[in-house]
Amino acid sequence: MSLTDEELLEKIADLKRQISDAINERRQLVSEIRRIRQKKNEKLERLRSVRQQIAQVREELKQRLNELKELKQRKSELLELVRRIRTELEEAKKLQAKFGDVDVASLERKIRALEWKLQTSTLNLDEEKKLILRIVALEKKLALIKKREGIKEKRIENKAELLARKVELNQLRERLQALVNEVTEKRKIYLSLKEERDNLFKEIGDLKKKIEDLKAKIEEVSKRIQELKSQRDALVNELKKVQEQERTKKEKLILEQKRKEVETKLKQGARLSFEDLLILYGEGKGENGEEQTGEDGRNIR
C-alpha cells in the first residue's frame, strides 16, 4: 500500500529525529570515552609515581635493615665486652681481698733478709730447706701482689672502659629502638603503596573495559545511524516519486480540462488560437511549462 505525501513526510521527519538523537548519543559516548581516557591516564601517571615510591621505600627499607643488622652485631659485641670487663673487675676484686693491704716494699725486705740469712748463717739441712721454702712462698706472694697492683691499675682502666661502653650501649639501644620504629613505619608505607598499586591496576583494568564497551556501543550507534539514514534516503526517493506522479497526474488533469474547453469553443464556432490548436491536436504545455503530447500522440513542430 502506497503512502501519501503527508505520511512520507511524517516518517522522514521521525527518522531525522531518530538520526539526530543517535548522533547526540554518539557525541555523548565519544565525550565519555575522552573523560574515561583522561581518568585512565591520570591513574597511569599515579601508578608510575607509586612504582617509583615503592622502589625508593624498598631501597630505604633495605638500608635500614642492613643498619639494624650491623647495630645488633655491635650490640652483641658490646655486651660481650662489658661481660668480660665485669669478669676482670670481679677477679681483681677477689685478688685484692685475698692479700688485703700488704706492702710490696715490706715483703721485698723480708725476702732479702731471709736470703741474707740463708747465705751467712750456719744452718742444718732441715733448717735450710724450711728457709728456702719460706723464701719461695714469699716470692710467689710478691709476684701475686705485683700482679694485683697491675690488676688494680687495669681495674681503674676497666672501670673507665666499662662506663664508656655502657654509654655507647645505651646510645646504641636508643638508635636501635629508633631504627626499629623507622623500619616499622617504612613497612607500613611499603604495604600501603603496594595496596594502592594493586587498586590502581584494578581501576585501570576497569577503565579499559569501560572504554572497550563504549567503543562497541559507538560502533552500534554508528550502524544504527547509517541504517536510519538509508531508511530516510529511501523514503525521500519514494516521496520524490510520489510527488512526481502527483505532478504528472495534476498536469494531465489540467491539460484535459483545457482540451475540453477548446473542444467546446470549437463546437461553438469560436476562433481557435494557435495555443488552442496545440492543446487540441498536438503538444500542449502543462502547468510547469513542459510540453505535453496530445491524444493522437502527434507533436506539432
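Residues numbered from 1 in each chain as written. Predicted model: local features only at pLDDT ≥ 70, side-chain atom pairs only at ≥ 80, totals over all residues. Heavy atoms only, no water.

Caption draft 1: Spotlight on the pattern of salt bridges. With the rule as written, the count across this model stands at 22 salt bridges. A salt bridge links Arg259 to Glu256; its shortest N-O distance comes to 3.2 Å. Within this pair, Arg259 and its partner Glu256 are both found in helix α3 (residues 125-267), separated by 3 residues, close to a single helical turn. Overall, the relative accessible area of 4% leaves Arg259 in the buried class. (Salt bridge = Lys/Arg side-chain N within 4 Å of Asp/Glu carboxyl O. Helix = DSSP H or I, 4+ residues; strand = E, 2+ residues; numbered from the N terminus. Buried < 20%, exposed > 50% of the residue type's maximum accessible area, 1.4 Å probe, protein only.)

Caption draft 2: Representation of the nonpolar core. With 18 residues, the main nonpolar core has Leu8, Leu29, Ile36, Leu214, Val221, Ile225 and Leu235 as its most contacted residues. For this core, the secondary-structure elements that each account for two or more residues are α1 (5-99) and α3. Here the element with the most residues in this core is α3; it accounts for 10 residues. Excluding residues that lie within four positions of it along the chain, Ile225 makes contacts with Ile19, Ala22, Ile23 and Arg26. Leu47, Ile54, Tyr190 and Ile204 belong to the second-largest nonpolar core, a separate cluster that totals 8 residues. (Core = buried A, V, L, I, M, F, W, Y, C linked by side-chain atoms within 4.5 Å. Contact = heavy atoms within 4.5 Å.)

Caption draft 3: Representation of the environment of Ile33 in the model. Its location among the elements puts Ile33 in helix α1. When the C-alpha positions of Ile33 and Lys215 are compared, they lie 7.9 Å apart, and in sequence the two are 182 residues distant. Discounting residues that sit within four places of it in the chain, Ile33 has contacts with Ile211, Leu214, Lys215 and Ile218.

Nothing here speaks to function; it is all geometry.
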